[in-house]
Amino acid sequence: MKAITAILLAAAPVFATAGPYAIYAGKNVDLHQETKVTGNVAAGGNLNINYKAQVAGNVTATGKVNVEQGAKVVGDVVSADKVHLKYESTVTGKVETSTKEKVAVTLEQASKVGNVVHNSGTTVDVKWGANPGKDIIAPVTAPSLDVLPGATPFTVGTNAFDLGAYTTGSLAQGKYGKVNLGTDSTLTLTAGSYYFDSLDIGGFGKLIFDLKGGAINIFVLNNIKIGQDFEFDTINGSAASIYTETRGNYDLGINGEWYGTLFGSGDKSNLHFNQNATLGGTFLARQNIQLDIYSTLVGLPSSPDKDASGKVPLPGTLPLLGLGLLALATLRRRQ
């Protein structure tokens with residue numbers, strides 16, 4: 001694996017790589033039914049792209065890759081293990097695997113792929129009606145994934161912060177204990193670094209990130225749990241200046257949204273986004289990442305947002321290794 005270094009962006013730790021990812025899990029990635037991801041996806045374990053899910057980018061895994069019925073990858077699929085394309089699935093680029101298993105790639109009926117590249121002594125199982133392009137036998141080495149950075153060292157406070165249901169409030173930077181936001185509450189954060197023991201947000205909650213004074217960094221020692229229909233808003237800046245790190249697990253409720261750089265840095269950290277999530281930026285976890293049905297994630301450059309209000313954030317920035325910033329697309333909140 002390639003060793004990489006973390007670069008500071010606006011005083012926030014970020015993930016730096018010459019090959020940016022929208023999603024990178026140290027273990028497994030699961031993209032459920034009809035999810036849509038714009039950007040590269042990588043897994044240190046298995047990678048499942050389920051029924052009619054779409055990835056507009058390259059897919060890399062050191063474990064198995066399954067592309068389920070009707071799913072589509074607009075890019076390459078590279079794996080160190082078996083690759084299985086189910087009925088009517090599509091890979092517009094190549095499928096390449098370094099596995100030594102006898103059957104390296106399986107292409108079921110009506111599946112399509114540009115070319116298939118595999119080692120000598122392995123085969124491609126082409127079912128009736130599949131379109132494999134060229135079958136290329138050549139030496140293939142296992143894909144090399146970037147090394148996730150270590151967890152940021154930090155300490156938290158002991159005083160809890162509670163915001164009641166249906167109320168609004170603000171919070172100054174600093175160290176806190178457990179932070180709890182009630183149902184339909186709104187909390188505004190301003191520039192600086194926040195250190196929480198845990199973060200729990202009730203349904204229909206909202207966070208407003210006021211970036212007038214600079215970047216906002218959130219460090220959470222334990223879990224982040226967010227209820228349904230959560231809103232993530234920025235003013236006086238974009239979510240490229242927002243960094244969130246948790247050593248616990250992250251769970252976003254249905255119809256929620258999150259932007260910026262989100263890193264599950266703990267040894268057991270997982271990221272889970274419930275159905276209809278709207279996401280933009282860089283999403284990293286030491287363990288597993290799961291997007292539930294109908295979720296959308298944008299992590300690659302596109303046209304800048306024209307909304308002068310600043311309410312709609314830009315997704316998080318992925319700096320190239322020593323080459324400055326890569327501005328990411330604006331992802332408008334689902335209406």
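Values in this document were obtained by computation on a predicted structure and should not be read as measured data.

**Student:** Help me understand the overall build of the chain, please; the structure alone is not making it clear to me.
**Tutor:** A tally of regular secondary structure across the chain gives 0 helices and 36 strands. For the chain, buried positions account for 52% of its 335 residues. Put simply, of all contacts in the chain between residues at least 6 apart along the chain, 38% involve residues at least 24 apart. In the structure as shown, the chain presents an accessible area of about 13,700 Å², 50% of it carried by carbon and sulfur atoms.

**Student:** When you look at the nonpolar core in this model, what are you seeing that I'm missing?
**Tutor:** Soluble, globular proteins show a tendency: their nonpolar side chains are buried together. In terms of nonpolar packing, the biggest core is built from 68 residues, with I49, W258 and F273 touching the most fellow members. For W258, the residues in contact, after removing those within four places along its chain, are L207, I226, F230, F232, T244, Y250, T278, L279, G280 and F283. Counting residues in each nonpolar core, the second largest holds 11 residues, with Y21, F154, Y195 and F263 among its members.

**Student:** Would you take a moment to explain the confidence of the model for the chain for this structure?
**Tutor:** Low-pLDDT stretches of the model should not have their predicted coordinates read in fine detail. Mean pLDDT over the chain: 86, with 84% of residues reaching 70 or higher. pLDDT under 50 marks residues 1-19. Its contacts with residues more than four places away, or in other chains, come to 58 contacts. Every residue in residues 300-335 is under pLDDT 50, and counting partners more than four places away or in other chains gives 115 contacts.

**Student:** Which parts of the structure should I look at to understand the pattern of salt bridges?
**Tutor:** Oppositely charged side chains can form a pair if their charged atoms are brought close together. Throughout the structure, instances matching the rule amount to 7 salt bridges. As a salt-bridge pair, K94 and E96 come within 3.1 Å of each other at their nearest N and O atoms. Of the residues examined, E96 reaches a relative accessible area of 18% and is grouped as buried. The residue E231 makes a salt bridge to K206 at a minimum N-O spacing of 3.7 Å. Separated by 25 residues along the polypeptide, E231 in strand β29 (residues 231-235) and K206 in strand β26 (residues 206-210) bring together distant segments of the chain. Through salt bridges with shared partners, one network takes in K206, E231 and D233.

**Student:** For this particular structure, what's the right way to read the packing of aromatic side chains?
**Tutor:** Summed over the entire model, instances satisfying the criterion amount to 14 aromatic pairs. Seen in terms of ring centroids, F209 and F232 are 4.4 Å apart; in terms of plane orientation they differ by 25 degrees. Their pairing is stacked. A residue pair is termed long-range when its members are at least 10 positions apart, and F209 in strand β26 and F232 in strand β29 qualify at 23 residues. In this pair, the class of F209 matches that of F232, namely buried. Aromatic side chains F232 and W258 sit 4.9 Å apart centroid to centroid with 70 degrees between the ring planes, which places their arrangement in the edge-to-face category. Of this pair, F232 sits in strand β29 while W258 is found in strand β32 (residues 257-264), placing the two residues 26 residues apart along the sequence. For F232, a relative accessible area of 0% translates into the label buried.

**Student:** I'm lost on the environment of V140 in this one. Help?
**Tutor:** Considering the arrangement of structural elements, one finds V140 in the loop between β18 (134-137) and β19 (161-163). Expressed as a C-alpha distance, the spacing of V140 and T99, which sit 41 residues apart in the sequence, is 8.4 Å.

**Student:** Explain the pairing of strand β16 (residues 112-118) to me, please; I cannot follow it from the model alone.
**Tutor:** The two faces of a sheet get side chains in turn, since along a regular strand they alternate between them. Here strand β14 (residues 90-97) pairs with β16 via 6 bridges, running parallel. For K94, the partnering residue across the bridge sits in β16 and is N115. With 4 bridges connecting them, β16 and β18 associate as parallel partners. Its bridge partner being in β18, V116 is matched across the sheet by D135.

**Student:** In this structure, what is going on with the sheet that holds strand β20 (residues 168-171)? I would like to understand it.
**Tutor:** Strand pairing in a sheet relies on backbone hydrogen bonds, with the paired strands running either antiparallel or parallel. Strand order in the open sheet made by the 4 strands is β20-β23-β26-β29, with parallel pairing throughout. With one partner strand each, in any of the chains shown, β20 and β29 form the two edges of the open sheet. Averaged over all neighbouring strand pairs, the angle between strand axes comes to 20 degrees, with direction disregarded. For β20 and strand β23 (residues 186-189), the ladder comprises 4 bridges, and the chain directions are parallel. Bridge assignment links G169 to a residue of β23, and that residue is L187.

**Student:** Could you clarify how one ought to interpret the side chain of T97 in this entry?
**Tutor:** You can see T97 is positioned in strand β14. Within polar-contact distance, the side chain of T97 engages the backbone oxygen of D81 at 2.6 Å. The residues contacting T97, other than those within four sequence positions of it, are S79, A80, D81, K82, V83, A104, V105, V117, H118, N119 and V140.

**Student:** What am I meant to see in the environment of G63 here?
**Tutor:** Structurally, G63 can be placed in the loop between β9 (59-61) and β10 (65-67). C-alpha of G63 to C-alpha of A80: the two residues are 17 residues apart in sequence and 5.9 Å apart in space. Once you skip the residues sitting within four places of it in the chain, G63 turns out to touch G45, N46, S79, A80 and D81.

The rules behind the values
Residues numbered from 1 in each chain as written. Predicted model: local features only at pLDDT ≥ 70, side-chain atom pairs only at ≥ 80, totals over all residues. Heavy atoms only, no water. Helix = DSSP H or I, 4+ residues; strand = E, 2+ residues; numbered from the N terminus. Buried < 20%, exposed > 50% of the residue type's maximum accessible area, 1.4 Å probe, protein only. Contact = heavy atoms within 4.5 Å. Areas by Shrake-Rupley, 256 points an atom, 1.4 Å probe, with all protein chains shown as cover. Core = buried A, V, L, I, M, F, W, Y, C linked by side-chain atoms within 4.5 Å. pLDDT = per-residue confidence, 0-100. Salt bridge = Lys/Arg side-chain N within 4 Å of Asp/Glu carboxyl O. Phe/Tyr/Trp six-rings, centres within 6.5 Å; stacked < 30°, edge-to-face > 60°. Pairing = 2+ DSSP bridges. Axes fitted to C-alpha atoms, helices over the stretch in contact; angles between N-to-C directions. Polar contact = N/O pair within 3.5 Å; in protein donor to acceptor, adjacent residues only side chain to side chain.

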